Structure formats: C-alpha cells, structure tokens
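Topology and contacts: notes
This is what each chain is made of:
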Amino acid sequence: MPYAIDGTELVRKRREKIKEPEEYRVILLNDDYTTMEFVVKVLMVVFHKKEEDAVHIMLDVHQKGKGIVGVYPYDLAFTKANQVHAMARKAEFPLKCVVEKA
Ligand code: TYC
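Residues numbered from 1 in each chain as written. Predicted model: local features only at pLDDT ≥ 70, side-chain atom pairs only at ≥ 80, totals over all residues. Heavy atoms only, no water.

What to know about the sheet that holds strand 3 (residues 96-101)
Put simply, the rule is: Note on pairing: DSSP must find at least two bridges between two strands before they are called paired. In DSSP terms, a helix is any run of H or I states spanning at least four residues, a strand is any run of E spanning at least two, and both are numbered starting from the N terminus. Fitted lines through C-alpha atoms give the axes, limited to the stretch in contact for helices. The angle between two N-to-C directions lies from 0 to 180 degrees.
Taken together, three strands build an open sheet; the order of strands is 2-1-3 and the sheet is antiparallel. The open sheet terminates on both sides in strands that have one partner only, identified here as strand 2 (66-73) and strand 3. Pairwise comparison of adjacent strand axes, ignoring direction, gives a mean angle of 25 degrees for this sheet. Judged from the six bridges that link them, strand 1 (residues 23-29) and strand 3 form a sheet pairing that is antiparallel. By the bridge assignment for strand 3, Y24 is matched with K101.

If you want it as structure tokens, here you go:
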C-alpha cells in the first residue's frame with residue numbers, strides 16, 4: 001500500500017461499496033384466450049394486489065397490450081414471472097409475462 005488510510009477513509013470506502021439491488025419490471029402481456037377472471041386471480045395471488053387494483057391492472061393490460069405489474073429485485077422478479085407461468089400452464093391459459101431491467 002503506497003499510503004495509509006485512516007478510519008474515516010475505511011468507513012467511506014465500505015459505504016461506497018454498498019449498492020442498492022438493481023430493479024426489474026415484471027410486465028404482463030395481453031392475449032385473446034386467458035380469462036379476465038384468471039388474470040385478476042393471478043395478480044392477487046402472485047403480486048398481492050387488492051381485487052380493485054388487480055381489476056384495474058388487468059383492464060389496462062387488456063386495452064394497451066401490456067403493462068407493468070411490479071418492480072422487484074432480480075430473483076423476486078423472475079420468481080414471480082415463473083409463478084405466473086406455472087399457474088397459467090396448470091390452468092391451460094397462454095398468459096405470459098416478461099421481466100426487463102428497470
Ligand atoms: N384479453 C383477455 C380477454 O379478453 C383478458 C386478458 C387481460 C388476458 C390481461 C391477458 O394479461 C392479460 N379475455
């Protein structure tokens with residue numbers, strides 16, 4: 001080490017290293033086959049939305065083609081996307097969502 005660093009410098013360096021987790025958007029995609037009722041259920045079960053909010057999000061996706069459902073750290077975003085696809089597969093609906101970096 002070419003020079004000594006004091007306690008304050010060490011604390012500053014350690015603080016600078018702490019990064020907030022990067023965030024990822026989970027985006028729900030519209031399709032012509034999944035029922036509105038099922039989409040609302042998925043939004044309530046997987047994303048913990050209140051029924052009123054779930055209906056609003058579902059209608060927005062239905063009208064616009066896609067919409068952001070939530071923003072999460074990487075692992076949680078992909079876990080939720082997988083849960084959506086697992087529920088959809090089981091119910092034989094083609095419902096899809098995608099994850100993108102926020
Ligand atoms: N478009 C579907 C219908 O009319 C409803 C729907 C909404 C499907 C949102 C997917 O992400 C979706 N039954």
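On we go.
Examining helix 3 (residues 51-64)
Keep this limit in mind: By this rule the span expected of a helix is its residue count minus one, scaled by 1.5 Å. Relative accessibility thresholds used throughout: buried, under 20% of the residue-type maximum; exposed, over 50%; partly exposed, between the two (1.4 Å probe, protein chains only). The arc in question is the one spanned by the directions pointing from the helix axis to the C-beta atoms.
If you check helix 3, its first and last C-alpha atoms are 20 Å apart, about what 14 residues at 1.5 Å a residue would give, namely 20 Å. Turning to helix 3, its buried residues are A54, I57, M58 and V61. Take helix 3 and look down its axis: the buried residues cluster within an arc of 100 degrees, on one side only. Along helix 3, exposed side chains directed more than 90 degrees from the buried face belong to E52, H56, Q63 and K64.

With respect to the site of the ligand
To keep it simple, the criterion reads: Note on definitions. A residue lies near a molecule or strand when any single heavy atom of the residue is within 4 Å of it. In protein, a polar contact means a hydrogen-donor-capable atom and an acceptor-capable atom, both N or O and within 3.5 Å, with residues adjacent in sequence counting only if both atoms are side-chain atoms; elsewhere, any N or O pair within 3.5 Å suffices. A 1.4 Å probe and the Shrake-Rupley method give the accessible areas. Residues count as covered only by the protein chains that appear here. When residues are sorted by character, Ala, Val, Leu, Ile, Met, Phe, Trp, Tyr, Cys and Pro go into the nonpolar class, Asp, Glu, Lys and Arg into the charged class, and all the rest, Gly among them, into the polar class.
Near the ligand you find L28, L29, N30, D31, T34, M36, V39, M58, V61, H62 and L95, and these make up its full shell. N30 is positioned such that a nitrogen or oxygen atom in its side chain is 2.8 Å from a nitrogen atom of the ligand. A distance of 2.9 Å is found between a nitrogen atom of the ligand and a backbone nitrogen or oxygen belonging to T34. In the complex, the protein chains occlude 88% of the 350 Å² of accessible area that the ligand would expose alone. Elements represented by at least two residues in the shell around the ligand include exactly strand 1, helix 2 (36-47) and helix 3. The element that contributes the greatest number of residues to the shell around the ligand is helix 3, accounting for three residues. Per-class residue counts for the shell around the ligand are seven nonpolar, three polar and one charged.

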